[in-house]
Amino acid sequence: MSHPPRRGRRPNDPRRGRASGPSGGRPPQVDPARQVAAELLAAVRADDAYANLKLPELLAAHGLSGRDAALATELSYGTSRTKGQLDAILSACSTRPLDSIDPPVLDALRLGAYQLLRTRIPPHAAVSATVDLVRAGGRPGAAGFVNALLRKVSAHDLDGWLAELAPASDDDPTGHLALTTAHPSWIVDAIGDALGPRRDELADALAADNQSPAVHLVARPGRIARDELTAESGGTPARYSPYGLYLPAGNPGALAAVADGRAAVQDEGSQLVALTLAEAPLDGSDERWLDLAAGPGGKAGLLGALAARRGATVDAVEISPHRADLVRRTVSGLPVTVHTADGRDPGLPAGSYDRVLLDAPCTGLGALRRRPEARWRRQPADVAELTRLQRDLLQSAAGLVRPGGLIGYVTCSPHLVETAAVLNRRPKDLEIVDATELVPGNPAADAPLDGPVPGTVQLWPHRHGTDAMFLALLRRS
Ligand SMILES: C[S@@+](CC[C@H](N)C(=O)[O-])C[C@H]1O[C@@H](n2cnc3c(N)ncnc32)[C@H](O)[C@@H]1O
């Protein structure tokens, strides 16, 4: 039942209609999309869940598809991605510090603020749905607080809030971009440093993290031709990778070719770095390949398919047993042997591999567009810890590759400490091979792809439409 507008209130006033506030008499009804979004935020916050893995589970559990699933995805991913920006605005409106607010209530406030500031959902619907969520979640005492706070948020649109709260770009360029593009300051600085002389692209690079990317598929060589996959999936051929294609909206898992392993979901940048290593000119034998940090197996699957066609074999090493099992599933039927082992000392024969991929564990700052919560979960201290591991793994790779053999050192992060600094302290017998001309499809013709050390490759979402993958090709002397 709808209520008539009360006297003295504007038609769009969020106090209108069923935004009944704390004392509305009817039982709260939460629509399933917002329920899923709230459950996802709780899982990310309380259980350290990965949003992109948890969401399909929740959608299936609630039986959501079509428009409801799209709304749940938009609300949960959008809220996760912009959390810091939403918090700055909520803080400005709140009478209490945010860290004193019951965490599920704070989740609901973020969801409500996201709807008010970044969707076309009418303000009264955004507020009333959030109040309902809080009441249905067993926190009726917070309903009045939530209602009042979101009414304050609705006083401005997003641009209005950013104009009020963001520091001036001239005074504090990092702080300005951090708030306006919803990134932690340390990540703004890291990406700015990685852009080096092209720092003027920083706003574009950060904006690209906030775009929902297309799903990229790889047509596994020898298992399905790209044309066939294009016809089966309704996708379009990728710009650079000869095996890649871009899918429009939809669930890739529902495609028969993905379900039966002829194709897989894989960012085009990941395809390009693996292909560059596999196809780089090499003198001498070319039969033994190694993937030293293989889980969950995307690149091992591509390398395995190429190896099968070229009469080579691949050893794939992964330290986590669960992820090693994922690799085994991915490479089934391919000439790949999976070892659950520490890549720093995997017990494999020294000096025996022709090509070695080290797709190192990293901060993932190059794939923020695909991992909505990652930018707020990662901490600057993670970088030092990962860098030690990256250096140790590179040392191990250097011992496993044969003289004259090639290593592809890869990160899905452009952070200079994970790229240039690791390379600058590499083992002395590894020389850098110029990879910039070797990337399939020649992305350099469209936009620069030179990395921070001469000869290395840095892809970018805002330039190439790929994740920001880094590649250095190294030859053992
Ligand atoms: C960036 S991911 C690799 C992604 C993979 N190449 C793909 O394309 O699917 C890095 C992997 O290294 C694994 N890892 C971390 N430390 C390791 C170690 N010491 N030895 C081997 N693997 C390790 C992680 O568990 C993670 O699965």
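Only a predicted model underlies this, so the values are computations on that prediction, with no experimental measurement involved.

## Quick notes on helix H11 (residues 202-209)
Restricting attention to buried positions, one finds in H11 the residues Leu202, Ala205, Leu206, Ala208 and Asp209. Within H11, the buried residues cover an arc of 155° as seen down the axis, which keeps them to one side. Buried residues belonging to H11 abut helix H3 (66-81), helix H9 (173-181), helix H10 (185-195), helix H17 (374-377) and helix H20 (461-464).

## Looking at the site of the ligand
Lining the immediate surroundings of the ligand are 19 residues, of which Glu318, Arg323, Asp342, Gly343 and Asp359 lie closest. Measuring from an oxygen atom of the ligand, one finds a backbone N or O atom of Lys299 at 3.0 Å. Residue Gly343 places a main-chain N or O atom 2.7 Å away from a nitrogen atom belonging to the ligand. Taking 600 Å² as the accessible area of the ligand by itself, protein coverage stands at 86%.

## Side note on the UniProt feature "active site" (unreviewed entry) in the chain
Within this numbering scheme, the UniProt entry marks Cys412 as carrying the feature "active site" (unreviewed entry). A relative accessible area of 15% places Cys412 in the buried class. With near-sequence residues (within four places) excluded, Cys412 lies in contact with Cys362, Gly364, Leu365, Gly366, Ala367, Arg371, Ala468 and Met469.

## Description of the side chain of Gln458
With respect to the secondary-structure elements, Gln458 resides in strand S11 (residues 457-458). What makes Gln458 buried here is its relative accessible area of 3%. Within the structure, Gln458 has its side chain in polar contact with the backbone oxygen of Met469 (distance 3.2 Å). Leave out the neighbours within four places in its chain, and Gln458 touches Ser413, Pro414, Pro448, Leu449, Asp450, Gly451, His464, Ala468, Met469 and Phe470.

## Looking at the pairing of strand S7 (residues 336-340)
Looking at chain direction, strand S6 (residues 313-318) and S7 are connected through 5 bridges and run parallel. Residue pairing in the sheet places Glu318 in a bridge with Thr340 of S7. Tracing the backbone out of S6, into helix H16 (residues 321-330) and back to the parallel element S7 gives a crossover that is right-handed.

## Some thoughts on the sheet that holds strand S3 (residues 244-247)
Ordered by their spatial adjacency, 4 strands build an open sheet running S2-S3-S1-S4, and the pairing between neighbours is antiparallel. In this open sheet, the two edge strands, each paired with only one partner strand, are strand S2 (236-237) and strand S4 (263-265). Relative to S4, strand S1 (residues 215-219) runs antiparallel, the two being bridged by 3 bridges. Residue pairing across strands places Leu217 opposite Val265, the latter belonging to S4. Across the sheet, helix H12 (residues 226-233) lies against S1, S2, S3 and S4, angled at about 10° from S3, the strand it touches most.

Conventions and cut-offs
- Residues numbered from 1 in each chain as written.
- Predicted model: local features only at pLDDT ≥ 70, side-chain atom pairs only at ≥ 80, totals over all residues.
- Heavy atoms only, no water.
- Buried < 20%, exposed > 50% of the residue type's maximum accessible area, 1.4 Å probe, protein only.
- Helix = DSSP H or I, 4+ residues; strand = E, 2+ residues; numbered from the N terminus.
- Arc of directions from axis to C-beta.
- Contact = heavy atoms within 4.5 Å.
- Near = heavy atom within 4 Å.
- Polar contact = N/O pair within 3.5 Å; in protein donor to acceptor, adjacent residues only side chain to side chain.
- Areas by Shrake-Rupley, 256 points an atom, 1.4 Å probe, with all protein chains shown as cover.
- UniProt positions renumbered as here; feature names shortened; annotations may be inferred.
- Pairing = 2+ DSSP bridges.
- Right-handed = clockwise from strand over helix to strand, strands pointing away.
- Axes fitted to C-alpha atoms, helices over the stretch in contact; angles between N-to-C directions.

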